[in-house]
Structures are given as structure tokens and as C-alpha cells.
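So you can see what is in the structure, the chains are spelled out below.
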Amino acid sequence: MADYSKDEIKRIEDKWRKEWKTRGVYKVENHSTKPKYYVLDMFPYPSGAGLHVGHPLGYIASDIVSRYKRLKGFHVLHPMGFDAFGLPAEQYAIQTGQHPAVTTEKNIATYIEQLNKIGFSFDWDRKVETSDPSYYKWTQWIFMQLFNAWYTKKPVGKTEPITTLIAELEKNGNKNIDAVCEDDTPTITAADWKSFDEKAKEEFLQKYRIAYRSDTMVNWCPALGTVLSNDEVKDGVSERGGYPVERKKMWQWSMRITAYAERLLKGLDTIDWPEPVKEMQRNWIGKSVGCELDFKVDKQEGIIRVFTTRIDTIYGVTFMVLAPEHELVSKITTAEQKAEVENYITIAKNRSERERMSEVKRISGAFTGAYVTNPFNGAKIPVWIADYVLAGYGTGAVMAVPSSDTRDYAFAKHFNLPIIDVLEGPTSDITKDNFDPKSGKMINSDSLNGLDWKEAIEVALQKVEALGIGIRKVNFRMRDAIFGRQRYWGEPFPVYYENGIPKLVDIKDLPVTLPEVDAYKPTESGEPPLARAKGWDYKGNQFEQTTMPGWAGSSWYWFRYMDSKNETEFASKEAVSYWKDVDLYIGGSEHATGHLLYSRFWCKALKDLGYVDSEEPFKKLINQGHIQGVSKFIYRLTKSNTLVSKNLFIDILKNPDKPENKEILGEATYSVQDKTVFDYDGKVLFNQLNVDINLVDNNDVLDIEEFKKWRPIFKDSKFILEDGKYICGSEIEKMSKSKYNVVNPDEIVDNYGADTLRVYEMFLGPLEMSKPWNTSGIDGVFKFLRRFWNLFHDQNGNGAVTDAEPTREELKVLHKTLKKIEYDIEHFSFNTSVSEFMICCNELSSLKCNKKAILEPLTIALSSFAPHITEELWQLLGHKDSILNSSYPKWSEEYLTESSFEYPISINGKVRAKMNFALDMPKEDVEKLVLASEVVQKWSEGKAPKKVIVVQGRIVNVVL
RNA sequence: GCCCGGGUGGUGGAAUUGGUAGACACGCAGGACUUAAAAUCCUGUGAUCGCAAGGUUGUACGGGUUCAAGUCCCGUCCUGGGUACCA
């Protein structure tokens, strides 16, 4: 009746979208006798540009797994939602005055509509939006739990309610408490505690709380009027907008993530994540095991404590370096050196982070005039200051061993300080020699001589402890996470201030909703936008005016999906204990050290407090690659509005003196910068401009007529062509509206259907790999689906499936395919599964197979990839129920055994012959050897082989 | 600089983890059907020598291990990503 044409596809896909919705096939309950499987996508930020072809890549993969697991008998949770708080909506609001909630709602509606066109099996009833008060009520609630919590190290590291801390303080003070807290926490008695007034008590508790306020150095961006995280600062300017960023001390809400450092590190060994992501998290946490060691200052009072991981190299210490901000600097500096040191400190202070970053290679420092004594051998060691030592890490002081540390080495060379080798190896220049400080035995090291460096560390450590001059110590690079932003479009804190004391609102007053404001930018006096809210107070007290950072809402959302409509809990106990954790998480690797680390942190805290069951939120993680856009460019000679074809433009840059090029350029001389050519006055001579990719064909030829209509400034442009055509430049970039290189999935769906889009995106290459979008192969995928469709239909488009018994050959094709597909899906190798389907389809076409017994199982297998077409064919096969409620076909080895095997036999590594072995032939190697030697005799005229290699009962090579 | 990936035809990419390299698809060329085009189907397609059978060569480059290397080891080059003085 119909072939797989554009109209028919549209009819089928519309029909099934409607059917699925009315039948509610994607609705999932929180209980089942089946085993559970939770498939999660990293939820998107709903940007104004809408969905592009890059977004669905991961969603298609997760949808395939969801459908596959469901057919395999699992109870599958596969939800979707939106990470709806964020800077772009706020920026747009500042510019237009439009409330961010309005734009966000609109964008979400667009996203949902676009996503639905692709046939995802999301249970939309579980949708979450982080900006919805019914959602952020629980983000605030979690904040309250973390505010009311502290981290004890005894008997095991665990988050505890703050009440247990208060009880202990009342009883014994903090002398028995071993907790993760501020470094400057004093030891107090129960009497001290009782003598504190309310404010002092709260200030003391702040040193312990998981969510706390402290005076921290932040990246302050005056132009945006907000604090930025390190991730949001690139090269000293804000990632968004490129505004300058400065370091500034501020009262900030923070999260004591450092308490969990050890567990965050250990937990990595228990989860199935890509190794690079785990490695990034390990580096980010940056655990280093070493010791702190005291050096006595000569001729005056004072002890300098250093942190080192290489106590074994103690005999190689030839100088010491303090951070310029180190508190002892002013005390120990001698009169002669005072001027120089102070001068250096001033310079170091004024050098911004940006300068320090761009001048990593520059070596600078100053001598304090003071000396310390090496406690191991009594050597006199000069003390320097330099900004390569950071005040914020370790103790802000290092013992420098120029023979085993490249920075110390460079410093020693620059200031002509002595170098003592303490490890075997070539060390004339450790920055150039192939020298590894983590190998070899100790030399020049007194009692440590001859020991391997690792043994030497242990021996030296014992000595340090015996002498009482230091302690073993573990340091982490990771810092506590800043948890406040001076922005409007984020979660308000459930916090108010009474007499300057931060207090939590009553739990029944949640959520604290975002107030209305007259503008979304900071106030003229630099206060956050929420300060503009009129009449916004808590029983007459001021609310906290900052909002939570972007990662707050995304650090627990997978729990909300489990029970998204619950009004009394963030998710019910039953739901949480049924779904537990995410079995498969798909998303980009850019979240490796942000979202994925914070989520693990919150999950651990919630577990300790007894709200959830799992220590790790995401059991398996897959990073999908990104689909990049292909941008097209034109080259415009600005003053004469002339467009020069690509190769001519390149030629002009190369040979500006050619007469014909001179004619185009005129008398101008020029310089090239960032793809723009300037003339001698600094005016733009040539511009490289992005052109809409829809105006350019596959051979980079520009459609000049359409182009002239595109933007008014090109209406009267002149063209300099090559071979009568205008050739555009081409480059691979991120897909972006401003680059006119966005490909919208709707276009593909309209032209080929959602099934073709889904299968094509999978066929494009391995999921993890980034690749540019190009549609050149899409016809192949479309033809495959049509061929598959044709297997079920005769030339007139009528259903033509028979109940005939399949032949052994047909069964072999079926079972071979089912086996491979299953293996591929289990290994997330979707591109090869698509190939397998194509091979199978080709084989069945040439066998002219239209038997139900063969086609039915294949239809089920294909339904994960192409749900619409398979539902339709499923009905054609006589089923009433949705294909989703069938079960995945099993394959059997029985049909895969061959009647004979063709063995290639190589001689000296080259294939020289092929032998057929019948199935019923005895399989003993001896038998094959006889056969092989016959082969060999043919080839080597009777010489017996030296060796016959048999692999898995099969001769693979014969050595003559 | 350091830490992870990656480098295979004209193109996207396969290769059961050491066992016939180039599956599948695109593109290209030729053919069939057609008045013609489109669509569809068939054939060929790494390079090189040859009329052919067939030979030689070939997985960034240079070495090595092995009966056998795209796959393992050492060195070099290029490339994508992460990170930034962490003692």
C-alpha cells in the first residue's frame, strides 16, 4: 500500500508519538518484581538557541540502552529534566528586563517539543526543573541538612548532625573531638563553651559546619558583579564575556568538601568510570603523603615548619623558600636584607594572578639574610622568599632540594646556590637530563646511603618522629568549594540574619522563593541583585542576599527523579531504596571535576545522615563526544565590499606582490592577526566572516544569489571568483548560533524521519569520540531502513510476510546478527551494531527472505535504535501490544556452528593456502598436522616443517 | 612542562584484544532498467607492477620482541583534551 517514503514516515512517526503518549507506555512505577536499571543523561541547560544535532547524541545512546534493558526484562527508569538556573537567562534578563523564569519556561517548552520529535522513551511525568520552587525547596532543605552537620574523624570519618557536636561541647569541650574543621580552631573546655554568648557559639560552630561562612579569597568579576569559580575563569578573564577578574577577600558560603577528600579518592576504585575522568578527579583532589618538619632559625627565636613529600632528600637541602606572604618573613629578615625583601613583597603582591600565570618561567626571589639549621646534619641553610611557593598550600614554606626538583633546580641555578646530589643518576642538568627523581638509591646522605628512595622515606620519617621535630602529614590540593553567587537567577538560601547571626528558616517555611526585583543586576553600591527586593524579609530579619551556585541543583537531581512529585520529602524512603543509584550515566567529560565531584560529595553526606543508601551516585559513566559544527567563511575586502574566493585569498596573502594581487589590494601594506588582515593604518582590510552554512553546498561553493539576499550589506557586493565559482573557507568549530553553523535536528527529522536521525547519529562513529557533523552518509542509513521495510513488503507496498519455515542459512544470518548486536550494545559500541544490522539486511535481501520467524526477532532487536518504524512493522506482523512490551530475542549457538571451516594456512607468516575441514572430521591436532604437512609439501617440495603453530585447535602458521 | 587519549584508503570508520588489515557506509567509476532523468539494482574500488593468473608493498616515522605486530616494548614527530609553580 505504501513504501517507506517521506509522507509515510511522517504518518508513522506522528501516529506512534501519539500512541505512546495515550497508552502511557513510558510511565514507570516505583516498584516491580523485575530487577531495576536506572539510565540517566546529564540534563541540559535550556538555552535560547534550542536543541542542535549535538545534544541528542548521548540521549539517543541512553535511549537505546533503556529500551534494550527493558526488553531484556529490567524495570527501567529513564527520566529527563532541565538544569534551569544559569547565567545566560540572567544576562538576557538584564538586557531585556524579561524575567528569567519566563524565558526559561519558553526554552524548556521548545526543548521538550524537539526532544519528543526524536522518539525518546522518557517518563515525562518525572520531569524536574531546578528553578521550580517545588524542586529548589529540596535543594534548600539539603543545604539545611549540611548546615546542621559536621564531620567527625572518629571512630571512622562520618557526617554527623550538629546536635551531637553541641552535646559533646557542653560535656567536655572539644578536647576529645577529632573533626574536620578550620585550622585556627582553638581548644576549649565545656566551661568556655557555656560562657559563650549566642553569637560566639555560632561563630565557633561555623568552624565545624559542612555548609559554613568564611572569609575566603575569591575570583571577583566587577563587570559581572559576581564571584566566579576557578572553572569559570580562563586566563585571568571571565569565561563568559571575557571581563577582567580580580582576587578579593569576601565573606562567602562554602562547603567543606575537603572533609570527604579521602573518601572521594578511595571511592573512585569502586566505580566503573572512564580512566581519564578518574585520573582528573585524583589530580584535582591531589593527595600527597609526606611530613611536616621543623627547622630552627639561627641566632634568633623561631621555627619554620615545612611540608615535604620527599623527606629522603633531606641531605640535599641547600636552601629554604618561604611564600612572600609567610608570617615569619618580617620577623626573620635581617636589617641588611630588609629593603630588598620588602621591595620583593610589594612586587609579588601587585603582580596579578594573570601575570604570575603568564610568567611561569620567570624566576624571582629575595634572600632574607636568615639561616636555619638542618636537623639531620646541622648544616646552615639560607632562607629565601619567592612567589613560586604558595601561601595557601602546605605550610607556605619548602625545603629546597635542587638536585631532585626542577623548580628548586632552576632557582638554585639562577641565584647561584649550591646543589648536592642525593640520588644516583645523571644530574648535570635535571631539567634536561633523562633524570627521574622517583628512582634510584640514596647517596651523600649519611645513614640513608644505599637505601632505595622509598625505603629512605620510611627510615627518615621514623627519625623525624623519634627526634620529635615533625609529624607525618597528608595534604590535599583540593580546597573547600565556594557556595555563593552574587546573582539573581539561582536558589535563594533558606537563611536569615538575626543580630548578625546566620540562622535557618523554619522548615515549614520552605521554599524561600525568589523575590521580585526591579532589575536583575547588582545594585549601584555593589550588593547582589536580591538586595533590590522590597519587603523581602523573614519575620523582620534580613534574608541572605546571595544565591546558590549553578551546581547546587545538579548535585542531587538524580534522587528527585525517583519521586519527583513528593511534597513532603525530597524523595520517599521507598523510592530511594528501590532505585538506589544510577546504573548508567551518560554525559560530557567537561563535568569531570565539577558536577561529578560535587554530586559524589553530596551523595556521601546524605548517606552519612541516613537519607540515602548509596555511597556512590553513578555506578557506570560514559563520556559521549561532542558533535562539532563545520563553519564556512567568506573573505571580504572591506573598503570596496568585494568578496574574494578562498584560494585567491590565500594566494594574495602568500604573494602580495603579484601584479593581479596588487590590483586587488591596492597600495595597502598589511599585517595578519586573528584571521583578519589590517592595513598600515590599522584599519581592517580583509575580514573573514562566518556565512550561513545553508548557503554553501558540499563542495564549499557559495550560492551567490541567495547570499546577496541573506544580509543587506552583501546586496551590492562584488565577487572575485575562481573557475566561475565562489569557494568558501571551512573550519571545524563548536556549534553556535553566532557562527551560523548550527544544524537543527528538526530539519533532519522532517527530511528523513526521527529513526534515520537516531540511527545515523549512532553510525557516525564511536560514542566517546568528538566528530564534526556532516550529512554525507545519511542516505546510506536511510536506504538501510527502507530496505528493512521492503523485507516486509512486496513491490506494491503490501505486507508480504509468510509463516514459512526458515532455512538453516536464514537462521544462521539471524542468530549471528543477534549475537553480535547484543555484544555491541552491552559494550556501548552502537556504530558497529548499526553495521551489523546493515549486513544482516543485505544478506536477507539477497536470500529474498520474508519469513516471520526471521523478521520478528530482528524487528525487536532494531526497535531500540529505530522505535517508530519497528512499531509499525510489529503491527504488520499481527501484534496489538507495543513492541516495548515484548522481550528481547535469544540467540543460540546451535545455528552458528558451520558445516565446514575454511582455514587459512600461512607459511612463514604469509597465507599460502586455504583448507576446508569438514565438521565431522576428527578434531585432533595430529590430523590437522597431517593435512598441514600435505599443504607444506606442495609448497616446499617435500621438506618437513620445523614447527607448526596451532591456536585454539587451528593451524595458523607453518615454519619451514 | 606534566597527566590522559588518538594517528589505519579519496572520506566517516571496522578489525573477535597478537592470528587472512581495510568490515559497514559515503564518494567515485562502469553496467542494467528508462525515450531521458531521478530512484532502484548489479560490478569494481589502498598503492604499485602485470593483458591475465599473480607478484610486491602497505596501519604517522625509526628501531625491537615474536612463528606471526595496526595491536606488545623503546625512541621520534604530529594531534585532541585536561591541568597550571601543590613542595
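Rules behind the numbers
Residues numbered from 1 in each chain as written. Chains lettered and ligands numbered in written order. Predicted model: local features only at pLDDT ≥ 70, side-chain atom pairs only at ≥ 80, totals over all residues. Heavy atoms only, no water. Helix = DSSP H or I, 4+ residues; strand = E, 2+ residues; numbered from the N terminus. Buried < 20%, exposed > 50% of the residue type's maximum accessible area, 1.4 Å probe, protein only. Contact = heavy atoms within 4.5 Å. Areas by Shrake-Rupley, 256 points an atom, 1.4 Å probe, with all protein chains shown as cover. pLDDT = per-residue confidence, 0-100. Axes fitted to C-alpha atoms, helices over the stretch in contact; angles between N-to-C directions. Parallel < 35°, antiparallel > 145°, perpendicular 65-115°, else oblique. Left-handed = near helix turned anticlockwise from the far one by under 90°. Phe/Tyr/Trp six-rings, centres within 6.5 Å; stacked < 30°, edge-to-face > 60°. Lys NZ or Arg CZ within 6 Å of the ring centre and 35° of its normal. Pairing = 2+ DSSP bridges. Nonpolar A, V, L, I, M, F, W, Y, C, P; charged D, E, K, R; others polar. Near = heavy atom within 4 Å. Polar contact = N/O pair within 3.5 Å; in protein donor to acceptor, adjacent residues only side chain to side chain. Expected span 1.5 Å × (residues − 1). Salt bridge = Lys/Arg side-chain N within 4 Å of Asp/Glu carboxyl O. Core = buried A, V, L, I, M, F, W, Y, C linked by side-chain atoms within 4.5 Å.

A. Looking closely at the overall build of chain A. Along its length, chain A carries 30 helices and 35 strands. In chain A, buried positions account for 52% of the 960 residues. Within chain A, counting contacts between residues at least 6 apart in sequence, those at least 24 apart form 70% of the total. As displayed, chain A has an accessible area near 44,800 Å², and 50% of this comes from carbon and sulfur atoms.

B. Seen up close, the confidence of the model for chain A. Considering every residue of chain A, the mean pLDDT works out to 85; 87% of them sit at 70 or more. Reported for the predicted complex are a pTM of 0.88 and an ipTM of 0.93.

C. Local environment of the packing of helix H24 (residues 754-763) against helix H25 (residues 778-791). Close contact between H24 and H25 brings their axes to 9 Å; oriented N to C, the two are set at 125°. With respect to their mutual orientation, H24 and H25 come out oblique. As H24 packs across H25, the resulting crossing turns out to be right-handed. Contact with H24, carried on its side by Asp755, Thr756, Val759, Tyr760 and Phe763, involves Ile778, Val781, Phe782 and Leu785 of H25 and no other residues of that element.

D. Structural detail: the packing of aromatic side chains. Considering all chains together, one arrives at 72 aromatic pairs under this definition. Both rings, one in Phe143 and one in Phe493, keep their centres 5.1 Å apart while their planes meet at 85°; by these two values the pair is edge-to-face. Placement of Phe143 in helix H5 (residues 133-147) and of Phe493 in the loop between strand S17 (481-482) and strand S18 (495-498) is noted, with a sequence separation of 350 residues between them. The pair formed by Phe143 and Phe493 is uniform in burial state, with each residue classed as buried. Ring centres 4.8 Å apart and planes at 80° place the aromatic pair Tyr578 and Trp579 in the edge-to-face group. On the basis of relative accessible area, Tyr578 is assigned to the buried category, the value being 18%. Directly above the ring of Trp284 sits Arg477, whose terminal nitrogen or CZ lies 5.1 Å from the centroid. Looking at Arg600, its charged tip hangs above the ring of Trp273, at a distance of 5.8 Å from the centre.

E. Structural view of the sheet that holds strand S20 (residues 537-538). Reading across from one edge, S19-S18-S21-S20 is the order of the four strands in this open sheet, with antiparallel pairing throughout. A strand with exactly one partner marks an edge of an open sheet, and here the two such strands are strand S19 (501-504) and S20. Of the strand pairs in this sheet, S18 and S19 are connected by four bridges, and their pairing is antiparallel. Looking across to S19, one finds that Tyr496 is bridged to Lys503.

F. Representation of unusual backbone geometry. Residue Pro155 follows Lys154 across a cis peptide bond; omega there is -10°. Each neighbour pair has its own omega, and for Leu510 with Pro511 the value is -5°, a cis peptide bond. Tracing the backbone through its elements, the reader meets Pro511 in the loop between S19 and S20. A positive phi angle, near 55°, is found at Lys848, a position not held by glycine. Overall, Lys848 belongs to the exposed group, its relative accessible area being 71%.

G. Representation of the packing of H25 against helix H28 (residues 852-863). In contact at an axis separation of 11 Å, H25 and H28 are set at 150° when each is read in the N-to-C sense. One element, H25, and the other, H28, form an angle in the roughly antiparallel class. Like other packed secondary-structure pairs, H25 and H28 cross with a definite hand, here left-handed. For the pair formed by H25 and H28, the contact residues are Phe784, Leu785, Phe788 and Leu791 on the first element and Leu855, Leu858, Thr859 and Leu862 on the second. Along the lines of polarity and charge, the residues of the contact of H25 with H28 split into seven nonpolar, one polar and no charged.

H. Layout of the protein's contact with RNA strand B. By nearness alone, 43 residues border RNA strand B, and Thr309, Tyr393, Arg407, Arg786 and Asn957 come closest of all. Taken together, the sugar and phosphate atoms account for 57% of what RNA strand B places within 4 Å of the protein. Here a sugar or linking oxygen of RNA strand B and a backbone polar atom of Thr309 are 2.5 Å apart. One of the side-chain nitrogen or oxygen atoms of Lys783 is found 3.4 Å away from a phosphate oxygen of RNA strand B. Breaking the surface near RNA strand B down by element, the ones donating at least two residues are helix H10 (275-285), strand S11 (303-308), H25, helix H27 (830-847), strand S33 (910-918), strand S34 (947-951) and strand S35 (954-959).

I. Seen up close, helix H4 (residues 100-116). The end-to-end C-alpha distance of H4, which contains 17 residues, comes to 24 Å, matching closely the 24 Å that a straight helix rising 1.5 Å per residue would cover. Those residues of H4 not exposed but buried are Pro100, Thr103, Thr104, Asn107, Ile108, Tyr111, Ile112, Gln114 and Leu115. Structurally, H4 contributes buried residues whose contacts are with helix H2 (56-71), helix H3 (87-96) and helix H23 (745-752).

J. The sheet that holds strand S22 (residues 584-587), seen in detail. If you trace the four strands from one edge of the open sheet to the other, you get S2-S1-S22-S23, paired in parallel fashion. If you trace the sheet from one side to the other, it starts and ends with strand S2 (75-77) and strand S23 (621-623), each paired once. The sheet shows a mean angle of 15° between the axes of neighbouring strands, direction not considered. Of the pairings in the sheet, the one linking strand S1 (residues 36-41) to S2 comprises three bridges and is parallel in character. Each residue of the ladder has a partner; that of Lys36, found in S2, is His75.

K. Quick look at the pattern of salt bridges. Tallied over the full model, the rule gives 52 salt bridges. A salt bridge links Asp125 to Lys27; the shortest N-O distance between them is 3.2 Å. Taken together, the residues span a long stretch of sequence, with Asp125 in the loop between H4 and H5 and Lys27 in the loop between helix H1 (6-23) and S1 at a distance of 98 residues. Taking the relative accessible area as the measure of exposure, Asp125 reaches 38% and is therefore partly exposed.

L. Quick peek at the nonpolar core. Within the largest apolar cluster, 173 residues are counted, with the highest numbers of intra-cluster contacts made by Phe143, Met255, Phe483, Trp558, Trp602 and Phe830. Among the elements that make up this core, the one with the highest residue count is H5 (nine residues). Residues Ile314, Val317, Val329 and Leu448 belong to the second largest nonpolar core, which totals 50 residues.

M. Here's a closer look at the side chain of Thr859. Note on placement: Thr859 falls in helix H28. According to the relative accessible area criterion, Thr859 is buried, its value standing at 0%.

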